[in-house]
Structure formats: structure tokens, C-alpha cells
Amino acid sequence: MSGVHKYPTISFRISPREREEIEAKILASGLSKKDYFVRSCIYNRVCVVGKKELVYQLVEELKIMQTNIREVTEQFEKTEVDLTPEGLEDMRNDCLDMLKAILWVLDGAKYLWQGNTNGEEKSPDSSNC
């Protein structure tokens, strides 16, 4: 059936200059646009400057994960698991994805707590991002 896609679309607006830069990188990579964007989003480092609001969001996500894992653990202990194998796999994937994202963000922000040997703090502009 035409016009029906199996997976959702991700879109965003960029400036003409940003588009030129992206197109040049795609051309230089030899990848298709789709492959370039997917690899770029998944594997590139992102430098994060810590904000209190972001930390609170991450803590809330971890609390939700903790509650869900605790509930499933209790179900396993009682051998009364309400989740289907597919539901359990979805929960596992959701938890893994969120944990990977949190570690990714923390890795980008590690300059905030890892000073260099001189005792000076590195900024995100000093090529550690």
C-alpha cells in the first residue's frame, strides 16, 4: 500500500547554512541520508552543560524505572507475572535505552567533575566534547 510507512518519521527545521553543512558531511561520508542521520544520532558524542532541570528529569526517569523493575521483581517472586514476554522485552529495551541515554549525557558532562592534572576545570570548548 503506497503512502503507508512501517516506522515513524522524525523531522526538524534547520537553517539553510546548517543544511549545507549537513549535506556536505553526508556527501563526504558516502552514506545515504537515512544512514548518516541514524548513525550520527546514535553514535556521535554530544557535549552537555549540566542544568538542574535536566538532572531532575533524569532522576524522575530513574525513579519510574526503579518502580517498574521493583513491580516486575515482586511478580517474579510470586510467580504471577502479568507481563507477556513481548511486554517484558519492551520494558527491558525501554530501560536499556534510557540507561544508555543517561550514561551518554553524563559522559558528555564529565568535564564538570573531572578536572585536569593542573587542578583547572576543562570547559566544553577545550576539545573534551
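Reading the values: the criteria
- Residues numbered from 1 in each chain as written.
- Predicted model: local features only at pLDDT ≥ 70, side-chain atom pairs only at ≥ 80, totals over all residues.
- Heavy atoms only, no water.
- Phe/Tyr/Trp six-rings, centres within 6.5 Å; stacked < 30°, edge-to-face > 60°.
- Buried < 20%, exposed > 50% of the residue type's maximum accessible area, 1.4 Å probe, protein only.
- Salt bridge = Lys/Arg side-chain N within 4 Å of Asp/Glu carboxyl O.
- Helix = DSSP H or I, 4+ residues; strand = E, 2+ residues; numbered from the N terminus.
- Axes fitted to C-alpha atoms, helices over the stretch in contact; angles between N-to-C directions.
- Parallel < 35°, antiparallel > 145°, perpendicular 65-115°, else oblique.
- Contact = heavy atoms within 4.5 Å.
- Nonpolar A, V, L, I, M, F, W, Y, C, P; charged D, E, K, R; others polar.
- 1 Å grid on protein atoms, 1.4 Å probe; cavity = no way out; pocket = protein on both sides within 12 Å on 5 of 7 lines; lining within 4 Å.
- Points joined across faces, edges and corners; volume = space filled by probe spheres on them.

The protein carries the name Mobilization protein in an unreviewed UniProt entry, which gives Sporofaciens musculi as its organism.

Caption draft 1: Representation of the packing of aromatic side chains in the model. For the structure on display, the rule yields 2 aromatic pairs. Consider the rings of Y36 and F37, whose centres lie 6.1 Å apart with planes at 75°: the pair is edge-to-face. The class of Y36 is buried, set by a relative accessible area of 16%. Grouping aromatic residues by their ring pairs yields a cluster made of F12, Y36 and F37.

Caption draft 2: Representation of the pattern of salt bridges in the model. Tallied over the entire structure, the rule returns 7 salt bridges. Of the charged contacts, one joins E21 and R17 as a salt bridge, the two residues approaching to 3.8 Å between their closest N and O atoms. With E21 and R17 both in helix α1 (residues 16–29) and 4 residues apart, this pair spans about one turn of that helix. For R19, the salt bridge is made with E23, and the minimal N-O distance between the two is 3.6 Å.

Caption draft 3: Structural context of the packing of α1 against helix α2 (residues 33–43). Contact pair α1 / α2: the axes reach a minimum separation of 10 Å and the direction vectors enclose 105°. By the angle between their directions, the pair α1 and α2 is classed as roughly perpendicular. Contacts from R19, I22, E23, K25, I26 and S29 in α1 reach K33, Y36 and F37 in α2. For the contact of α1 with α2, the residue count by class is 4 nonpolar, 1 polar and 4 charged.

Caption draft 4: Summary view of the layout of surface pockets. Estimates place the volume of the largest pocket at around 940 Å³. Considering the residues around the largest pocket, the lining is formed by 25 residues, among which I10, F12, F37, V38 and C41 are closest to the centre. If you list the elements that add at least two residues to the lining of the largest pocket, you get α1 and α2. The element that contributes the greatest number of residues to the lining of the largest pocket is α2, accounting for 8 residues. A class-by-class count of the residues in the lining of the largest pocket yields 13 nonpolar, 5 polar and 7 charged. In this model, the second largest pocket occupies a volume close to 180 Å³. Along its surface, the second largest pocket is lined by C41, I42, D97, K100, A101 and W104. When residues of the lining of the second largest pocket are traced back to their parent elements, those giving at least two are α2 and α4 (85–108).

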